[in-house]
Amino acid sequence: MKVIDLLNKKENGTLIDGFEFLYEGSCYAYFKTVDEIQDIATGTNIGAIYELDKILSDEVEVIEEKEEIKEIEITERDRRIIMDFVIKTAEKTNELVRELNKLTKEREEK
């Protein structure tokens, strides 16, 4: 991505809060609350470090594109399968508990 593309996204309001990139060995992020792109280490605005009009065509390395987290869809079939699993697990656990209680009782009688 080029610096000009980054600045256009910022101007259009489509740059995501926390968007991070590397440029010239430094890590920068966009902070929506102050509407600035800042050096993460120093908090300095990128415009105070560079003359932006001279680096517009320079490439930046995008660190991570942040996307909205999607919810997991749970269908009725999923619910039936999960319920079946829970019931079978409970039944098997109860079977083991009965057997353990039986063995404990036999040991106490000896």
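Residues numbered from 1 in each chain as written. Predicted model: local features only at pLDDT ≥ 70, side-chain atom pairs only at ≥ 80, totals over all residues. Heavy atoms only, no water.

A word on unusual backbone geometry
Where we set the bar: Runs of E in the DSSP output that reach at least two residues are strands. Runs of H or I that reach at least four are helices, and both are numbered from the N terminus. Burial classes: relative accessible area under 20% of the type maximum marks a residue as buried, over 50% as exposed, and values in between as partly exposed (1.4 Å probe, protein chains only).
Positive phi, close to 55°, is recorded for Glu24, a residue that is not glycine. Relative to the elements of secondary structure, Glu24 occurs in the loop between strand 1 (20-23) and strand 2 (26-31). Even without glycine at this site, Asp35 takes up a positive phi of about 55°. Here Asp35 is to be found in the loop between strand 2 and strand 3 (36-39). Relative accessible area serves as the criterion here: at 39%, Asp35 is assigned to the partly exposed category.

Section: the pairing of strand 2
Applicable threshold: Between any two strands, at least two bridges found by DSSP are needed for them to pair.
Two strands pair when backbone bridges link them, and strand 1 and strand 2 are joined in this way by 4 bridges, in the antiparallel orientation. Pairing of Leu22 across the sheet is with Cys27, part of strand 2. Adjacent in sequence and paired antiparallel, strand 2 and strand 3 are bridged by 4 residues, among which Asp35 carries a positive phi angle near 55°.

Digging into the environment of Tyr23
Convention followed: Note on contacts: a residue pair qualifies if any of its non-hydrogen atoms lie within 4.5 Å across the two residues. Side-chain atoms alone can form a polar contact between residues adjacent in sequence; in general such a contact is a pair of N or O atoms within 3.5 Å, and within protein one must be able to donate a hydrogen while the other accepts it.
Inspection of the secondary structure assignment puts Tyr23 in strand 1. Tyr23 gets classed as buried once you look at its relative accessible area, which sits at 4%. Separated by 26 residues in the primary sequence, Tyr23 and Ile49 have C-alpha atoms spaced 11 Å apart. Contact partners of Tyr23, with chain neighbours within four places excluded, come to Tyr28, Tyr50, Ile55, Asp58, Glu59 and Val60. A distance of 2.5 Å separates the side chain of Tyr23 from the side chain of Asp58, its partner in a polar contact.

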